[in-house]
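Tertiary structure, described
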Amino acid sequence: MSRELPDALDMLVFAAHPDDAEIGMGGTIAKHAQAGLAVGIVDLTYAEMSSNGSVETRQREAEQASETLGLAARENLGLPDRGLAGHPEQIAAMVAVIRKYRPRIVFAPYFIDRHPDHIACSRMAEEAVFNAKLRKVAPELPAWTVEQLYFYFINDAHVPQLLIDISDVQETKMAALRAYRSQFAPEGSEADWVETPLTGAYLDNIVARDRLLGQPRKLQYAEGFIAKGPIALERF
């Protein structure tokens, strides 16, 4: 993004593809950005293997979504789509951005998902967060310890440990998602695009899931998160 980068991020979200973060936690991102926190997304790939849309189109869409959400930073590591294997050089690239942005909290896709890249991104983010605090790993960059790693849902809903009320920013989330027209509402002849799980009622399903997640606590819309291990809070 062209805006001046912050000294540090409050929240850094890893995503395998542009639009993953928006699907899973676009409301949480918008809510915290509007509250004045610095939030950034690091996409691991350009989603070059997607059935619809070109890399160039997807990047334009990601820029529009970023502006809608109020991101402080967004970048793409350019790792191979469908090639996220957790090789040392891939983990090292993720460690470098953690140390660059020094986030307080890191988010990654939940480790159970129908898309192998989402699972791989989850595993790689967990390893990168661990390596980022080791001063003898890539010692040319100062080590950084992340306070908490959370996992967000993309394709499915699971029982969350933590809910964020996004009722007041649900429309902002959906506006960011609608920026990805090539994925959710492609135009042109059938020769230009193919039907995928995203081209049907996927956005309607996202709204329904956010509503379902909020029901147990009587929230209109919510996004859910899971952490490995206890969640530490200063106060309730």
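Shown above is the structure to which this text applies.
In this convention, every chain numbers its residues from 1, walking through the sequence in written order. Whole-chain, interface and lining totals are the exception, using all residues; otherwise, since this is a predicted model, local features are given only for residues with pLDDT of at least 70 and side-chain atom pairs are given and counted only at 80 or more. The side-chain figures draw on all heavy atoms in the structure; neither hydrogens nor water molecules are used.

Some remarks on the pairing of strand 1 (residues 11-15)
Sheet faces and side chains relate simply in a regular strand, where the side chains alternate between the two faces. Each residue gets one of three labels from its accessible area relative to the maximum for its type: buried under 20%, exposed over 50%, partly exposed in between, using a 1.4 Å probe on protein chains only. Each helix is a run of H or I in the DSSP string that is no shorter than four residues. Each strand is a run of E no shorter than two, and both are numbered from the N terminus. Most of strand 1 is tucked away: five of the five residues are buried. Both faces of strand 1 are covered, namely the face carrying Met 11, Val 13 and Ala 15 and the face carrying Leu 12 and Phe 14. Pairing between strands is defined by DSSP: at least two bridges between the two strands are required. Where strand 1 lies against strand 2 (residues 39-43), five bridges are found, and the strand directions are parallel. In the strand pairing of strand 2, Ala 15 is matched with Asp 43. Each parallel crossover has a hand, and the one from strand 1 via helix 1 (residues 20-34) to strand 2 is right-handed. In the sheet, strand 1 pairs with strand 4 (residues 105-109) via three bridges, with the strands oriented parallel. By the bridge assignment for strand 4, Leu 12 is matched with Val 106. Crossover handedness is defined by viewing with both strands directed away from the observer: a clockwise path from the first strand over the helix to the second marks the crossover as right-handed.

Brief notes about helix 4 (residues 116-132)
Each helix should span, by expectation, one fewer than its residue count multiplied by 1.5 Å. Here helix 4 is 17 residues long and its end C-alpha atoms lie 24 Å apart, about the 24 Å a rise of 1.5 Å per residue gives. Those residues of helix 4 that fall on the buried side of the exposure criterion are Asp 117, His 118, Ala 120, Cys 121, Ser 122, Met 124, Ala 125, Ala 128, Val 129, Asn 131 and Ala 132. Tucked inside the fold, the buried residues of helix 4 contact strand 1, helix 1, helix 3 (88-101), strand 4 and strand 5 (148-152). Contacts are assigned to residue pairs with any non-hydrogen atoms lying within 4.5 Å of each other.

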